[in-house]
Each structure stands twice: as structure tokens, then as C-alpha cells.
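Descriptive structure summary
What follows is each chain in one-letter form.
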Amino acid sequence: GATGTGASWSDALGNIQEAITAAKADPAARKDVWVASGEFEITTVISLLDSVNVYGSFAGTENAVSERAKVAGGKAWEFANPTTLKGNNSRLIQVAAALDIPTTFDGFILTDGNGKGTVTDGSGGAALIRPNLIMQNCIVQNSTSAAAGAGVMMNTGGTLRNCLIRNNVHTTGSNGGGGVFCNTSSNGSTGYIENCDITGNSSTIRGAGIGIQGNTNTYISNCRIYNNVSVDGTTLKPGAGIYANSAANQIINNLIYNNTGASAVYY
């Protein structure tokens, strides 16, 4: 609700999308967007733009991203002053077109998304990302999808790092993906899912934790994947932890346990 220019905390701009657009308008300045703690209702999906990094979970007094307070002894995604984006009949964030250079989205809780956006409608309940988008230090929860990826859809790839993906629900759509769906089957792109906890997600199709479509180039490493459920009624479905349609994808150094389905890992 603030009405400033966005130049400082005391001159804050009150709309995240407007701030991203304004930061992108002057490419020579290479400005980031910082979002203070609190809950922001999202009725229209936020479109991230190439080279504009977006950081959340500030108290509103910091002068550097590194000054954000973390929960003592907590995980990478646990901030003392969290910023929550709460969906109201909308996906929360998306990358609508390919990014030219690495761009970061960091330090948010994304909750109650339903996959409604301006691209790939129905997929990516909370977030739809693409190659060169690095989504890190986030919580993605309580979101739904009737297409693919109830929590996060990685559309031809991208990076998901140091995130908690929990309690997302995928209902229909043949590709599945309760927590995360990654499709690297076109353009030779690469997807990275690193150091994440993926838990409590469900799919009635397949891949309750993670679903992968693509013959190669998805790397899942150092994650904990547990308590996910691939079940349709009483019928167990494949890949309760991970469903990958090719053994060429890399699943390395993960802890996968207590998932319910026809298999824990399907490839």
C-alpha cells in the first residue's frame, strides 16, 4: 500500500510487480527489488524479469541482503522476518519468457497458489520458473495444480536450491509432480534441484515428490524426500518420491524415505 518511488525503505513502493518493472526499466543501474516482511495477497501472478533479482524477508532497516536475520539454528529458508506471498485465485510467481542471464528469487514463503497465470495456465501451482532463474531459500506450500507441478513447475529447467516444498496437491494432468515438476525435454536445457526438503506432497497420477519429464539433464542432489503420497483412491501410483521417465537423469546423494505409492523411485 505504500506510494513512494521504491528508492529506499522510507520511500517504499507498494506493489511488487511495479517495483520489478521499474527496476528493469533502467538496465544500466542493475537494481534489485527488496520486499519487507509481512503477508502480501497476490490476485494476479507476479512476472519475474531478466536481471532483476527479488529478495524477501527484510525487517525494513537493512542496507545489504546479507543483513537479513535468520532463525537461530534454522534451515536456509527460515528467516526471522518472513515475507509471505499468499495466493487469491492465482499462481504467485512466474517467468513468462526465457531469461538471458542468471536471476535470483530468494527468501519468500509462497502459499495457496492454484496455477492460474498468463503462461502454461494450470501448471506450477505456486511458481513457474525457467532456465537461468535461481529460486532459493524459499518455502512453497499448500498449493494446487490440475496440470503439472502443484508446488513448482520448472519449465524446461532452472534451479531450485535450499527450499522447503511441502503439502502441495496435484490432482490431474498426466505429468504429475506434487511438489515439483521439471521438464527438460526440449532445447537441451538443464534443471537442478539441490539441498531441498520435499515432504507431504501428493499426486493422484505419479511423482508425488518430484516428477521429471525429459530424457536427460535433470540433477537432484542432497535432498530429503519423504512422506509424499502417490495414490488415486486406493490405487498406488508410481514414483511416490521421484518419478523420472529416463534413467539418464541424475539422482545423487539424497535421502528418500517413508513415501507411499507403487514405488519410491520410478525410472
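Residues numbered from 1 in each chain as written. Predicted model: local features only at pLDDT ≥ 70, side-chain atom pairs only at ≥ 80, totals over all residues. Heavy atoms only, no water.

**Some points on the overall build of the protein**
- The number of helices and strands found in the protein is one helix and 29 strands.
- On C-alpha atoms alone, the protein measures out to a radius of gyration of 18 Å, which is about the 18 Å that the 2.2 N^0.38 rule sets for 267 residues.
- Oriented by its inertia axes, the alpha-carbon framework of the protein measures out at about 55 × 40 × 35 Å.
- Taken over 267 residues, the protein has a buried fraction of 49%.
- Residue pairs at least 24 apart in sequence account for 75% of intrachain contacts in the protein once pairs closer than 6 positions are excluded.
- When the accessible surface of the protein is summed, it comes to about 10,800 Å², and 47% of that surface belongs to carbon and sulfur atoms.
- Positive and negative side-chain charges in the protein, numbering 15 and 17 respectively, have mean positions lying 8 Å apart. (Helix = DSSP H or I, 4+ residues; strand = E, 2+ residues; numbered from the N terminus. Rg over C-alpha atoms; globule rule 2.2 N^0.38 Å. Buried < 20%, exposed > 50% of the residue type's maximum accessible area, 1.4 Å probe, protein only. Contact = heavy atoms within 4.5 Å. Areas by Shrake-Rupley, 256 points an atom, 1.4 Å probe, with all protein chains shown as cover. Lys, Arg positive; Asp, Glu negative; His and termini not counted. Charge placed at Lys NZ, Arg CZ, Asp CG, Glu CD.)

**Notes on the side chain of N228**
- Relative to the helices and strands, N228 resides in the loop between β23 (224-226) and β24 (229-232).
- Look at N228 and you get buried, because its relative accessible area is 0%.
- For N228, the contacting residues outside a window of four places in its chain are I198, T199, G200, N201, A208, G209, A240, N258, N259 and T260.

**Section: the sheet that holds strand β12 (residues 144-145)**
- Pairing is mixed across the open sheet formed by five strands, whose spatial order is β12-β16-β20-β24-β25. Lying at the two open borders of the sheet, with one neighbouring strand each, are β12 and β25 (235-236).
- Where β24 meets β25, two bridges bridge the pair, whose relative direction is antiparallel. Paired with D232 across the bridge in β25 is T235. (Pairing = 2+ DSSP bridges.)

**Thoughts on helix α1 (residues 16-24)**
- What α1 keeps buried is the set I16, A19, I20 and A23. The buried residues of α1 all sit within an arc of 100° when viewed along its axis, so they share a single face.
- The inward-facing, buried residues of α1 abut β1 (33-36), β2 (38-42), β3 (46-47), β4 (54-58) and β5 (83-87).
- Near the N-terminus of α1, the side chain that reaches the backbone nitrogen of Q17, with its oxygen 3.0 Å away, is that of N15. (Arc of directions from axis to C-beta. Polar contact = N/O pair within 3.5 Å; in protein donor to acceptor, adjacent residues only side chain to side chain.)

**Some thoughts on the pairing of β1**
- Residues V33 and V35 point to one face of β1 and are all buried, whereas W34 and A36, pointing to the other face, are not buried.
- Sheet analysis places β1 next to β4, joined by three bridges and oriented parallel. Residue pairing in the sheet places V33 in a bridge with V54 of β4.

**Let's talk about the environment of M153**
- Within the secondary structure, M153 sits in strand β13 (residues 152-155).
- On the basis of relative accessibility, which here comes to 6%, the residue M153 falls in the buried class.
- Taking the C-alpha atoms as reference points, M153 and W77, separated by 76 residues in sequence, lie 19 Å from one another.
- Every residue in contact with M153, bar those within four places of it in the chain, is listed here: T120, S123, G124, A127, L128, I129, A148 and F181.

**Examining unusual backbone geometry**
- Backbone geometry places S57, a non-glycine residue, at a positive phi of 70°.
- Of note, S57 is situated in strand β4.
- A positive phi angle is found at T156, which is not glycine, with a value near 70°.
- One can find T156 in the loop between β13 and β14 (158-161).

**Some details on the sheet that holds β4**
- One open sheet accounts for eight strands, arranged β1-β4-β7-β10-β14-β18-β22-β27; its pairing is parallel. The sheet is open, and its two edges are formed by β1 and β27 (250-252), each paired on a single side. Strand-to-strand, the axes of this sheet are offset by a mean angle of 15°, without reference to chain direction. (Axes fitted to C-alpha atoms, helices over the stretch in contact; angles between N-to-C directions.)

Remember, this is a structural readout, not a statement about activity or role.
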